[in-house]
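# Architecture and fold: a report
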Amino acid sequence: MLRSAVQAARISVGDLWLHYFSIGGTVGEYEVEAYLQGLLSLPVLQRDLLAMAANELIKAMPRPHAPYSDELANSAKDSQDPAGKDECLGPVRLDPKDPE
């Protein structure tokens with residue numbers, strides 16, 4: 001199940017191992033990879049640390065969400081007038097021969 005979660009989240013074995021190691025995991029990256037492949041058994045504490053590392057990495061990933069109407073309205077306002085005020089750059093001349 002850990003392997004499925006890591007694959008679904010597109011977390012590399014190296015990233016998983018680094019986070020696992022940073023929170024106190026003691027087995028090497030090759031052992032973690034072998035465990036994920038079902039080739040090696042790990043002690044309960046190490047399995048739990050791997051699960052914790054995976055869950056923390058998954059939780060930290062940005063996820064898309066469906067915006068609410070007020071988010072769309074605020075986004076449209078910001079893109080039209082990011083400074084919060086309209087700036088006038090002066091008259092626009094369509095004919096270069098026309099002075100005004």
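Quick caveat, the model's predicted, so the values are computed rather than measured.

### Quick notes on the overall build of the chain
- If you tally the helices and strands in the chain, you get five helices and zero strands.
- Along the chain, helices and strands appear, N-terminal first, in the series α-α-α-α-α.
- For the chain, the residues scored as buried account for 18% of the 100 residues in total.
- Pairs at least 24 residues apart make up 52% of the contacts formed inside the chain by residues separated by at least 6 positions.

### Side note on the nonpolar core
- Ranked by size, the top nonpolar core spans 15 residues in total, and within it L2, V6, L16, Y20, V32 and L50 carry the most contacts.
- For this core, the elements supplying multiple residues, two or more each, are helix 1 (2-8), helix 2 (13-22), helix 3 (29-36) and helix 4 (44-60).

### Some remarks on helix 2
- Of all the residues in helix 2, the buried ones are L16, W17 and Y20. What you see down the axis of helix 2 is that its buried residues fit within an arc of 95°, all on one side. Exposed positions of helix 2 whose direction lies more than 90 degrees from the buried face are L18 and S22.
- Lining the buried residues of helix 2 we find helix 1, helix 3 and helix 4.
- At the exit of helix 2 stands G24, carrying a positive phi of roughly 115°.

### Focus: the packing of helix 2 against helix 3
- Following both chains from N to C, one finds helix 2 and helix 3 inclined at 120°, their axes separated by 10 Å at the closest point. As helix 2 packs across helix 3, the resulting crossing turns out to be right-handed. Across the interface between the two elements, V13, G14, L16, W17 and Y20 from helix 2 touch E29, V32, E33 and L36 from helix 3.
- Looking at the contact of helix 2 with helix 3 residue by residue, the classes come out as six nonpolar, one polar and two charged.

### Structural notes on the packing of aromatic side chains
- Taken as a whole, this structure holds one aromatic pair when the rule is applied.
- An angle of 20° between the planes, with centres 5.1 Å apart, marks the rings of W17 and F21 as stacked. In this pair, W17 and F21 both sit in helix 2, four residues apart, roughly one turn of the helix.
- For F21, a relative accessible area of 46% corresponds to the partly exposed category.

### Let's talk about the packing of helix 2 against helix 4
- Following both chains from N to C, one finds helix 2 and helix 4 inclined at 115°, their axes separated by 9 Å at the closest point. Relative to helix 4, helix 2 is oriented roughly perpendicular. Where helix 2 crosses over helix 4, the two elements pack in a sense that is right-handed. Contact with helix 2, carried on its side by D15, L16, H19 and Y20, involves Q46, L49, L50, A53, A54, E56 and L57 of helix 4 and no other residues of that element.

### Some thoughts on the environment of A54
- Positionally, A54 belongs in helix 4.
- According to the relative accessible area criterion, A54 is buried, its value standing at 1%.
- Sequence spacing of A54 and A9 is 45 residues, and the spatial spacing of their C-alpha atoms is 9.1 Å.
- The contacts of A54, once residues within four sequence positions are left out, are L2, V6, I11 and L16.

Cut-offs applied
Along every chain, residues carry numbers that run from 1 in the direction the sequence is written. The predicted nature of this model means local features are confined to residues of pLDDT at least 70 and side-chain atom pairs, given and counted, to a pLDDT of 80 or more, with totals for whole chains, interfaces and linings taken over all residues. Neither water nor hydrogens contribute to the side-chain values; these are computed over all heavy atoms in the structure. A run of DSSP states H or I qualifies as a helix once it reaches four residues; a run of E qualifies as a strand once it reaches two. Both are numbered from the N-terminal end. Burial here depends on accessible area, computed with a 1.4 Å probe over protein chains only, as a share of the maximum for the residue type. Under 20% is buried, over 50% is exposed, and the range in between is partly exposed. The contact rule is simple, with two residues in contact once any of their heavy atoms fall within 4.5 Å. Grouping buried Ala, Val, Leu, Ile, Met, Phe, Trp, Tyr and Cys residues that are joined through side-chain atoms within 4.5 Å yields what is termed a nonpolar core. Starting at the helix axis, one direction is taken to each C-beta atom, and the arc is that of these directions. Note on method: axes are straight lines fitted to C-alpha atoms, helices fitted across the in-contact stretch only, with angles between N-to-C directions ranging 0 to 180 degrees. Working rule for handedness: look at the near helix, and if it is turned counterclockwise from the far one by less than a right angle, call the crossing left-handed; if clockwise, right-handed. Charged residues are taken to be Asp, Glu, Lys and Arg, nonpolar residues to be Ala, Val, Leu, Ile, Met, Phe, Trp, Tyr, Cys and Pro, and polar residues to be all remaining types, Gly included. Note on aromatic contacts: the rings of Phe and Tyr and the six-membered ring of Trp form a pair at centre separations within 6.5 Å, being stacked when their planes are under 30 degrees apart, edge-to-face when over 60 apart, and tilted otherwise. If an angle is under 35 degrees, it is roughly parallel; if it is over 145, roughly antiparallel; if it lies from 65 to 115, roughly perpendicular; otherwise it is oblique.

By themselves, these figures tell us nothing about what the structure is for.
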